[in-house]
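# A closer look at the structure
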Amino acid sequence: LPAAPLPVTEVAWMLDLPCWRRGAEWFVVRPREVLDHPDLHPEHRDRIERADLRWPIDITRNRDRWHVLDGLHRLARIVRAGGTVVQARVLPPELVPDIRRLV
(Lines give C-alpha, C1' and ligand atoms only; values in the text may rest on other atoms or scores of the structure.)
Protein backbone atom coordinates (compact mmCIF):
# COMPACT_ATOMS: atom_id res chain seq x y z
CA LEU A 1 0.00 0.00 0.00
CA PRO A 2 1.23 3.53 -0.66
CA ALA A 3 2.27 5.73 2.26
CA ALA A 4 1.07 9.27 2.81
CA PRO A 5 1.91 11.94 5.37
CA LEU A 6 -0.28 11.99 8.48
CA PRO A 7 -0.18 14.58 11.28
CA VAL A 8 1.25 12.98 14.41
CA THR A 9 -1.65 14.48 16.36
CA GLU A 10 -3.98 12.01 14.62
CA VAL A 11 -2.33 9.01 16.31
CA ALA A 12 -0.51 10.50 19.33
CA TRP A 13 -3.36 9.40 21.60
CA MET A 14 -2.09 5.84 21.26
CA LEU A 15 1.13 6.80 23.07
CA ASP A 16 -0.96 6.94 26.26
CA LEU A 17 -2.22 3.34 26.00
CA PRO A 18 -0.44 0.44 27.72
CA CYS A 19 0.58 -1.30 24.48
CA TRP A 20 4.00 -2.68 25.29
CA ARG A 21 5.38 -5.39 27.54
CA ARG A 22 7.68 -5.36 30.53
CA GLY A 23 9.46 -8.69 30.74
CA ALA A 24 6.85 -11.38 30.12
CA GLU A 25 3.90 -9.18 31.09
CA TRP A 26 2.07 -7.59 28.15
CA PHE A 27 0.08 -4.36 27.99
CA VAL A 28 1.69 -2.65 30.97
CA VAL A 29 4.01 -0.03 29.43
CA ARG A 30 2.73 3.13 27.79
CA PRO A 31 4.95 4.57 25.04
CA ARG A 32 4.58 7.99 26.69
CA GLU A 33 6.15 6.56 29.88
CA VAL A 34 9.18 5.51 27.86
CA LEU A 35 9.45 8.93 26.24
CA ASP A 36 9.19 10.62 29.65
CA HIS A 37 11.48 8.20 31.54
CA PRO A 38 13.59 6.29 28.99
CA ASP A 39 16.07 4.91 31.50
CA LEU A 40 13.28 3.08 33.35
CA HIS A 41 12.45 1.17 30.16
CA PRO A 42 15.76 0.31 28.47
CA GLU A 43 14.29 -2.31 26.12
CA HIS A 44 11.79 0.10 24.58
CA ARG A 45 14.20 3.03 24.77
CA ASP A 46 16.61 1.04 22.64
CA ARG A 47 13.89 -0.09 20.23
CA ILE A 48 12.81 3.53 19.77
CA GLU A 49 16.42 4.50 19.09
CA ARG A 50 16.77 1.74 16.47
CA ALA A 51 13.36 2.31 14.85
CA ASP A 52 13.83 2.54 11.09
CA LEU A 53 11.97 5.60 9.88
CA ARG A 54 12.34 4.54 6.26
CA TRP A 55 9.28 2.34 6.87
CA PRO A 56 5.83 3.90 7.31
CA ILE A 57 3.54 3.04 10.19
CA ASP A 58 0.42 0.99 9.43
CA ILE A 59 -2.91 2.43 10.53
CA THR A 60 -6.60 1.71 10.19
CA ARG A 61 -9.71 3.70 10.97
CA ASN A 62 -11.94 2.48 13.79
CA ARG A 63 -14.93 4.59 14.68
CA ASP A 64 -13.66 8.16 14.66
CA ARG A 65 -9.94 7.53 15.22
CA TRP A 66 -6.85 6.29 13.48
CA HIS A 67 -5.34 3.24 15.20
CA VAL A 68 -1.70 2.20 14.81
CA LEU A 69 -1.48 -1.47 13.88
CA ASP A 70 2.29 -1.49 13.47
CA GLY A 71 4.89 1.17 14.13
CA LEU A 72 4.49 2.55 17.66
CA HIS A 73 8.26 2.56 18.22
CA ARG A 74 8.66 4.52 14.95
CA LEU A 75 5.93 6.93 16.02
CA ALA A 76 7.60 7.37 19.41
CA ARG A 77 10.93 8.13 17.72
CA ILE A 78 9.30 10.81 15.57
CA VAL A 79 7.57 12.34 18.61
CA ARG A 80 10.81 12.24 20.62
CA ALA A 81 12.53 14.17 17.84
CA GLY A 82 9.76 16.78 17.77
CA GLY A 83 8.35 15.61 14.44
CA THR A 84 4.84 16.60 13.48
CA VAL A 85 4.25 14.27 10.51
CA VAL A 86 4.56 10.51 10.11
CA GLN A 87 4.40 8.48 6.93
CA ALA A 88 1.48 6.06 7.18
CA ARG A 89 -0.10 3.28 5.17
CA VAL A 90 -3.86 3.03 5.57
CA LEU A 91 -5.17 -0.51 5.82
CA PRO A 92 -8.88 -0.82 5.12
CA PRO A 93 -10.76 -2.06 8.22
CA GLU A 94 -12.01 -5.09 6.31
CA LEU A 95 -8.41 -6.37 6.10
CA VAL A 96 -7.90 -6.39 9.88
CA PRO A 97 -9.51 -9.83 10.36
CA ASP A 98 -7.05 -11.24 7.79
CA ILE A 99 -4.14 -9.77 9.75
CA ARG A 100 -5.41 -11.34 12.98
CA ARG A 101 -5.36 -14.76 11.33
CA LEU A 102 -1.70 -14.33 10.38
CA VAL A 103 -0.55 -13.50 13.89
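Thresholds, definitions, all that
- Residues numbered from 1 in each chain as written.
- Predicted model: local features only at pLDDT ≥ 70, side-chain atom pairs only at ≥ 80, totals over all residues.
- Heavy atoms only, no water.
- Helix = DSSP H or I, 4+ residues; strand = E, 2+ residues; numbered from the N terminus.
- Buried < 20%, exposed > 50% of the residue type's maximum accessible area, 1.4 Å probe, protein only.
- Core = buried A, V, L, I, M, F, W, Y, C linked by side-chain atoms within 4.5 Å.

Positive phi, close to 60°, is recorded for Phe27, a residue that is not glycine. Inspection of the secondary structure puts Phe27 in strand S3 (residues 25–29). You can call Phe27 exposed: its relative accessible area is 57%. Residue Arg63 is not a glycine yet carries a positive backbone phi of 60°. If you trace the backbone, Arg63 turns up in the loop between strand S4 (57–62) and strand S5 (65–70). Under the relative-accessibility criterion, Arg63 is labelled exposed at 76%.

Our focus in this paragraph is the nonpolar core. One broad rule of soluble globular proteins: the nonpolar side chains tend to lie buried together. Formed by 21 residues in total, the largest nonpolar core has its most connected members in Val11, Trp20, Ile59, Val68 and Leu72. Those elements that place two or more of their residues in this core are S4, S5, helix H3 (72–80) and strand S6 (85–90). When residues in this core are grouped by element, the largest group, four residues, is from H3.

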